[in-house]
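Architecture at a glance
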Amino acid sequence: MTRRLEGKVVAVAGASGPAGRATMRKLAAEGAVVIGADIDQHRLDAALAAVRTDVPGAQISGQVIDLLDPQEVHDWADHLEAEHGHVDGVFHLVGGWRGSKTFFDSRIDDWDFLHDTVVRTLQHTSLAFQPALVRSESGRYAMISAAAAHKPTAGGAAYAAAKAATEAWTLAMADSFVKETTSGDGVPTAAAAILVIKALVSPEMRAEKPDAKFAGFTDTADLADHLAGLWDRPAADLNGQHLWLTAR
């Protein structure tokens, strides 16, 4: 039986985190060729091993990448396309959080940290992989944003601003797909989408706090399902869209 992502080649940045593991597991189970990237070799190896255990026969590999090095990311993108012939998806699951109790207590070095981990890493992956996604028959790029970007709190200024910046950057990428991948009928073949959550919760977090409600949180498995499902919808329906996985 053919699985729905058979033949798709998908890169996952931030592979060793809970979202990365869940997403790689889902993609591999659906038949995709999955390439995970992380800056830490040991964490990456552990994530890949876990997926191989959960999904026998998984077509999965990994690459240690410093996403703050633009040349390294570009070389990775070029290598993947040369090796596989095409790259059909890039999921940017890299993040971080910094905040304060009040607006006055906001620290500019928190912004500096988030500018690198949240904004700059996304800029590098989107720029590096955009040409390959244009060439793909069904390119998909997705980032994870936060409801906080749409309703910032006093103590979350740096985080909300960083997420808002990545949303704007991704929307610009979406516009590039309209201009560069539109077929003769005016329909784009590639899409860049923004998945909006309140926060993520993993099975490990639920196990550690069995009585916690995690109200409004998105389970990592549900996030993975939504990411794998991006190819179930036409690019024109997804491109430049905010897909809300929590209450607005």
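Let me begin by describing the structure that accompanies this report. Remember, predicted model here, so these are calculated numbers, not experimental data.

**Looking at the packing of helix H1 (residues 18-29) against helix H7 (residues 220-228)**
Their axes nearest at 8 Å, the elements H1 and H7 cross at an angle of 50°. The orientation of H1 with respect to H7, classified from their angle, is oblique. Our pair here, H1 against H7, has a crossing hand that is right-handed. In contact with Pro18, Ala19, Ala22, Thr23, Lys26 and Leu27 of H1, H7 contributes Thr220, Ala221, Leu223, Ala224, Asp225, Leu227 and Ala228. When its residues are assigned to classes, the contact of H1 with H7 shows 9 nonpolar, 2 polar and 2 charged.

**Looking at the packing of aromatic side chains**
Under the defined criterion, the tally for this structure stands at 4 aromatic pairs. Measuring from ring centre to ring centre gives 5.2 Å for tryptophan 76 and phenylalanine 129, while their planes differ by 90°; the resulting arrangement is edge-to-face. You can see tryptophan 76 sitting in helix H3 (residues 70-84) and its partner phenylalanine 129 sitting in helix H4 (residues 108-135), a full 53 residues away along the chain. The exposure class assigned to tryptophan 76 is buried, which follows from its relative accessible area of 4%. Look at phenylalanine 129 and you get buried, because its relative accessible area is 0%. Taking 5.7 Å as the distance between ring centres and 50° as the angle between the ring planes, the aromatic pair formed by phenylalanine 91 and tryptophan 231 counts as tilted. Of this pair, phenylalanine 91 sits in strand E4 (residues 89-92) while tryptophan 231 sits in the loop between H7 and helix H8 (235-238); the two residues are 140 residues apart in sequence, bridging distant segments of the chain. For phenylalanine 91, a relative accessible area of 0% translates into the label buried. Judged by its relative accessible area of 12%, tryptophan 231 is buried. The side chain of arginine 98 reaches across the aromatic face of phenylalanine 113, ending 3.8 Å from its centre.

**Re the nonpolar core**
One finds Met24, Leu27, Val34, Phe91, Leu195 and Leu227 to be the most contacted residues of the largest nonpolar core, which totals 34 residues. Residue assignment for this core shows that the elements contributing at least two residues are strand E1 (9-13), H1, helix H2 (41-54), strand E5 (140-146), strand E6 (191-197), H7 and H8. Once you skip the residues sitting within four places of it in the chain, methionine 24 turns out to touch Val12, Ala15, Val34, Gly36, Ala47, Leu48, Val51 and Ile60. Counting residues in hydrophobic clusters, the runner-up holds 30 residues, among them Leu80, Ala132, Ala190 and Ala192.

Definitions and cut-offs
- Residues numbered from 1 in each chain as written.
- Predicted model: local features only at pLDDT ≥ 70, side-chain atom pairs only at ≥ 80, totals over all residues.
- Heavy atoms only, no water.
- Axes fitted to C-alpha atoms, helices over the stretch in contact; angles between N-to-C directions.
- Helix = DSSP H or I, 4+ residues; strand = E, 2+ residues; numbered from the N terminus.
- Parallel < 35°, antiparallel > 145°, perpendicular 65-115°, else oblique.
- Left-handed = near helix turned anticlockwise from the far one by under 90°.
- Contact = heavy atoms within 4.5 Å.
- Nonpolar A, V, L, I, M, F, W, Y, C, P; charged D, E, K, R; others polar.
- Phe/Tyr/Trp six-rings, centres within 6.5 Å; stacked < 30°, edge-to-face > 60°.
- Buried < 20%, exposed > 50% of the residue type's maximum accessible area, 1.4 Å probe, protein only.
- Lys NZ or Arg CZ within 6 Å of the ring centre and 35° of its normal.
- Core = buried A, V, L, I, M, F, W, Y, C linked by side-chain atoms within 4.5 Å.

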